[in-house]
Structure formats: C-alpha cells, structure tokens
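# Survey of secondary and tertiary structure
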Amino acid sequence: MASSDSLEIAKAAKQAFETSQLVPAEERVKALHSICVALQANKNEILSANADDLQAAQGEVNAGRMSESMMKRLDLSKGDKWDSMLQGVRDVAALPDPTSVVTYASELDDDLELYRVSCPIGVLLVIFESRPEVVVNIASLAIKSGNAAILKGGKESTRTAVLLSKAISEGLSQTSLPQTYIQTIQTRAEVSSLLGLDQYIDLVIPRGSNSLVRNIQNNTRIPVLGHADGLCSVYLDETADSEKAVRVVADSKTDYPSACNAAEFLIVHESLLKTIWPAVAKALIESQVHLQCDPSTLDTIRSLKGFDTFVQPADESSFATEHLSLTMSVTSTPSLHDAIRFINSHSSHHTDVIVTENEQAASVFTRGVDSAGTFVNASSRFADGFRYGFGTEVGISTGRIHARGPVGLEGLVIYKYMLRSKADKGHIVGEFGAGKKSYKHKPITAKAVPF
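Basis of the calculations
Residues numbered from 1 in each chain as written. Predicted model: local features only at pLDDT ≥ 70, side-chain atom pairs only at ≥ 80, totals over all residues. Heavy atoms only, no water. Buried < 20%, exposed > 50% of the residue type's maximum accessible area, 1.4 Å probe, protein only. Helix = DSSP H or I, 4+ residues; strand = E, 2+ residues; numbered from the N terminus. Salt bridge = Lys/Arg side-chain N within 4 Å of Asp/Glu carboxyl O. 1 Å grid on protein atoms, 1.4 Å probe; cavity = no way out; pocket = protein on both sides within 12 Å on 5 of 7 lines; lining within 4 Å. Points joined across faces, edges and corners; volume = space filled by probe spheres on them. Nonpolar A, V, L, I, M, F, W, Y, C, P; charged D, E, K, R; others polar. Pairing = 2+ DSSP bridges. Axes fitted to C-alpha atoms, helices over the stretch in contact; angles between N-to-C directions. Contact = heavy atoms within 4.5 Å. Patch = residues over 30% accessible without salt bridge, like charges linked within 9 Å, V, L, I, M, F, W, Y side chains within 5 Å. Areas by Shrake-Rupley, 256 points an atom, 1.4 Å probe, with all protein chains shown as cover. Domains from an automatic or database assignment. Buried area = accessible area lost by both parts, 1.4 Å probe. Polar contact = N/O pair within 3.5 Å; in protein donor to acceptor, adjacent residues only side chain to side chain. Parallel < 35°, antiparallel > 145°, perpendicular 65-115°, else oblique. Left-handed = near helix turned anticlockwise from the far one by under 90°. Core = buried A, V, L, I, M, F, W, Y, C linked by side-chain atoms within 4.5 Å.

Summarising burial for helix H11 (residues 276-286): eight of the 11 residues are buried, a large majority. Within H11, burial applies to Ile276, Trp277, Pro278, Val280, Ala281, Ala283, Leu284 and Ile285. Backbone geometry just after H11 places Gln288 at a positive phi near 65°.

Moving on, we get to the pattern of salt bridges. Counted according to the given criterion, the structure contains 19 salt bridges. Note that Arg221 is salt-bridged to Asp198, the shortest N-O span being 2.7 Å. Residue Arg221 is found in the loop between helix H9 (210-217) and strand S7 (232-236), and its partner Asp198 is found in the loop between helix H8 (188-194) and strand S6 (203-207); the two are separated by 23 residues along the sequence. Judged by its relative accessible area of 64%, Arg221 falls in the exposed class. Given the relative accessible area of 33%, Asp198 is considered partly exposed. For the salt bridge of Asp370 with Arg404, the shortest nitrogen-to-oxygen distance reads 3.2 Å.

Now for empty space enclosed by the protein. Per the counting criterion, the structure on display carries two cavities of 30 Å³ or more. Within this model, the largest cavity holds a volume of roughly 60 Å³. For the largest cavity, the full set of lining residues is Phe128, Val135, Leu151, Lys152, Gly153, Gly154, Ser157, Thr158, Ala161, Thr184, Ile185 and Gln186. Looking at the lining of the largest cavity, the elements with two or more residues in it are strand S4 (148-152), helix H7 (158-172) and strand S5 (182-185). Taken together, the residues of the lining of the largest cavity sort by class into five nonpolar, six polar and one charged. Here the second largest cavity defines a volume of roughly 40 Å³. In terms of lining, the second largest cavity is formed by Asn42, Glu45, Ile46, Leu163, Lys166, Ala167 and Glu170. Broken down by secondary-structure element, the contributors of at least two residues to the lining of the second largest cavity are helix H3 (43-62) and H7. Per-class residue counts for the lining of the second largest cavity are three nonpolar, one polar and three charged.

One can find Asp83 in helix H5 (residues 81-94). Separated by 43 residues in the primary sequence, Asp83 and Gln40 have C-alpha atoms spaced 9.5 Å apart.

Ordered by their spatial adjacency, four strands build an open sheet running S16-S2-S1-S17, and the pairing between neighbours is antiparallel. Edge positions in the sheet fall to strand S16 (413-421) and strand S17 (442-443), since each has one partner strand and no second. Pairing of strand S1 (residues 102-109) with S17, which is carried by two bridges, proceeds in the antiparallel orientation. Note that in S17 the partner of Glu107 across the bridge is Lys442.

Here the largest pocket is characterised by a volume of approximately 1500 Å³. Looking at the largest pocket, it is lined by 50 residues, and the ones nearest its centre are Arg131, Glu133, Tyr256, Ala259 and Arg381. Secondary-structure elements contributing two or more residues to the lining of the largest pocket are helix H4 (68-74), H5, helix H6 (134-145), helix H16 (385-388) and strand S14 (395-397). For the lining of the largest pocket, a count of residues per class yields 14 nonpolar, 19 polar and 17 charged.

Moving on: the sheet that holds strand S12 (residues 351-355). An order of S10-S9-S11-S8-S7-S12-S13 is seen for the seven strands of this open sheet, with the pairing classed as parallel. Each end of this open sheet is capped by a strand with a single partner; those strands are strand S10 (311-313) and strand S13 (373-376). Neighbouring strand axes in the sheet, compared pairwise and without regard to direction, differ in orientation by 20° on average. Bridge analysis of S7 against S12 gives four bridges, and the strand direction is parallel. Counterpart to Leu236 in the pairing with S12 is Val355. Lying on the sheet, helix H14 (residues 336-346) is in contact with S7, strand S8 (263-269), strand S11 (327-333) and S12; it crosses S8 at an angle near 160°.

Here we come to a nonpolar patch on the surface. On the surface, Tyr104, Tyr415 and Tyr417 cluster together to form a nonpolar patch covering roughly 350 Å² of accessible area. Turning to its location among the elements, Tyr417 is positioned in strand S16.

You can read the domains of the chain as domain 1 (4-225 + 406-410) and domain 2 (232-390). With eight residues of domain 1 in contact, the opposing surface of domain 2 contributes 11 residues. Regarding the contact of domain 1 and domain 2, the summed buried area is about 680 Å², with carbon and sulfur atoms giving 56% of it. If you sort the residues of domain 1 by the area they bury against domain 2, Ser69, Arg73 and Pro406 come out on top, with a joint share of 63%. Our count for the contact surface shared by domain 1 and domain 2 stands at zero salt bridges. Taken together, the links from domain 1 to domain 2 amount to one residue pair in polar contact (both at pLDDT 80 or more). Contributing elements (two or more residues each) for the side of domain 1 that touches domain 2: H4 and H5. Residues that form the side of domain 1 that touches domain 2 fall into these classes: four nonpolar, two polar and two charged.

Moving on: the packing of H3 against H7. At a minimum axis separation of 7 Å, H3 and H7 run at an interaxial angle of 160°. Judged by the inter-axis angle, H3 sits roughly antiparallel to H7. As H3 packs across H7, the resulting crossing turns out to be left-handed. Side by side, H3 and H7 meet where Glu45, Ile46, Ala49, Asn50, Asp52, Asp53 and Ala56 of the first sit next to Thr158, Arg159, Thr160, Leu163 and Leu164 of the second.

Moving on to the nonpolar core. A general tendency of soluble globular proteins is for nonpolar side chains to be buried together. Membership of the largest hydrophobic core comes to 68 residues, with the highest contact counts inside it found for Leu39, Leu125, Ile143, Ile150, Leu151 and Ile182. The biggest single contributor to this core is H6, with eight residues. Excluding anything up to four places from it in sequence, Ile150 contacts Ile9, Ala10, Ala13, Val123, Leu124, Leu125, Val126, Gln183, Ile185, Leu194 and Ile201. Judged by nonpolar contacts, the second largest core, of 32 residues, contains Val234, Ile285, Leu304 and Phe375.

Now the structure itself:
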C-alpha cells in the first residue's frame, strides 16, 4: 500500500500534468530559461552542497562501500560539467516542440478528417544513481516534452539534488506551469510506494545498475523504459585499418570508462592477431588499461612492455561484466558472423562497433547485431543524447518498443488520434458498409491539426 505522502506526490504530479496540457508550448520554453537563471543564481550554494556530497562519498570509498568511478560521477564542479549542464537546458529549449506534430492525416469521408498527433506520455518516475546533473537533464526534457516528472537520485548526491530541485521550482514559479510539475523524492520507501501507483504514474525510467533496473522491473505494473548493463563491444574486422582500430578502440575504452557507452570487450579477427591487435594492445596498455585476454589474444602480445602488469587470462565472467573502469576483455573470432553471434549472446544490446574497410561487412554487422546502436569506424562513446543532437537524454533504452537508444524528446512523446466531422449532421458509422458509403482514406497533407 502506498504511503500517504507518496500518494499526494503522485496525485500532485498527475494534476500538474493535466493542467499543463492547456499551457502553450512557449511557456515551457520560458520555464527552461527561467530554470537556467535560477540555477546560476544558486550556483555557489549548490556547488558547496556538492562538495559536501563528495566529502561524504570519499569516506564511503575509503571504507570500500563505494567505487571510485561512482564517486567521480558525483562531482558537479569538474571541468566544464556545470556549464555543460546549463547549456544542455538551453539546447533543449531551442529544439523543436515534439508535441502536436501531425504524423498521419487522412480524409475518411467528405468533411471527416483523422489526425495522428504527438502528445506527452504523462507522469514520469525517473530513478537514477550518482550523477546529480541528471536532475536538471531530465527535468528539462520532461518540461519541454510536456510531461510531469518525479525524480529520485542516489542517496550519495542528496544534498546537491535537493538544491537543484529547489532551483528548478524557483524557475517554474516564474511561469504558469505548476511548481509540482517537477518533484523530487529522497527515499527508497517513497520509490516502493510510487511503483504501486499505476493510476497516476505512466512510465518509470531507471538509470543505474543492473540490480536497480531489475528490481524495478520486477516490482511494478507501470511500463519501464531503460537499460541494465552497458556491455558495449568493438569488433576488429579482417579489413580493419590499423590507425582507425587504435583510435576507435582506445577512445571507446578510455574516454570515460565508467560510462554505460564505454566499450567493455574487444573482438579481434584471427587474421589480425599478429598485426593490428598488438598495436591496439600497446595503445591500451600505454593508457593503463588492464586486459583480460583469451588464450589466442594473450599469446600474441607477451612481448609487449607492461604485459606482466596489465594482461591476465580471461575467465568465464570476463565477457559478462560491466567493468566501468580501465579494464577490457578481449577474445578472437574466425569470422564476421561468429563475431555477430558472440556479440548478440554477450552484449547488453546497448552499442556495438565494427572497425572495417569493407562495405559489405559494415552492412552485415550493422543489420545483424541486435543492439540499439551499431556503429562503423566510430567510437561507442558517440552513443549519447547530447552527441546525437537531442540536447540531452533521459536515458538509454535497450528495449524493443516505443523508444530505443538515447532517449531524448521524441522518446518522451506518444500520440493520440483526433477525428473531426465538419458535416452539418456529424458522422455515424451506420452510414458506411455494403450498399452504403465507402471510406475514402485519402491522404491529407498537414503539418498541424486545423482545430
């Protein structure tokens, strides 16, 4: 049974969503710019809270209860992360409105017109771990796409998330959108309660560990959009160019090893074991990547400097582990089709890459690999909503319905059918059939619903 507090949060979100449907799209854009202003005005206080979260996280790392990679995701002041977060909001504001788009229009009869029109999903419950900027990323996408959202971050970023949420509410208060349009919760108990409220919440989006996603999928009737592990791979085809192979593999692994789109295993065509593979291995070892190799890939790099430190035999778990660190599993295969079979049985269907100079091989790989993203001669790290031009993303979906891959604005809308009769007496089905009127089903060219 849902707690009274969770029930009120869910009801408020549903009410806010319903109210927002009559608010012009321009007001949602205004809200995003107002949120940017509020965030900037509260920057010092937010970053101070973030420093407190980081200090507490360091204690957890020292005690062995948190990984170093998770702690690094917490830091909102690192590099240009703060500016990128704000720019992401502005980028989303500048994107075309994904709602009220006509995707199908047909004249069923004289003065009887049918339109399929994009519309928001409703109330989103988004649960994520560690990265506090996700609060802002998801709030901006929800607002722009016309969805209300309830957000739950990890306990390790609570101080930061509370102040980010406060700034979002300040921004919303400057518009006609309800302040309850975006709400945050703090406890697992609240999540458990909300997962039972399918009459108010329309979609759950979990972002985090395999165990988090599986737990949510097993404990709710609400549809779940998301992915568990990010087991991405790179395959070096027999025609691979050496320079491309080194660049693509190294970037896929080392650019941001703790990201879900970082490559976790490498597949090498047998013909490259004594040529391109040693060059790739050398580059990885120089970047301090630990390699877990099957016998054939291990034997051909024994002479490399750093072998004893950075190379070890692969075991049964090597190709089922999301390392999230400078560790990469490596195996070899005799053919492209064997590589595809290996990927389809070991990857998490997130993003997989082929390095090849053969157009036919590229075509077979991109169609044969059953993943949300299949890339040719390009780093797996491109699998990202910002890099795709979505402004930011609410998450990555490896499912096979509604949305797949980086989920931006288009993944947060569905559609409804709008039918209108302009006839003096309206239209009824009884006027159609044998010996009566026939349907015209004549396509209409329309960019907007004319009513």
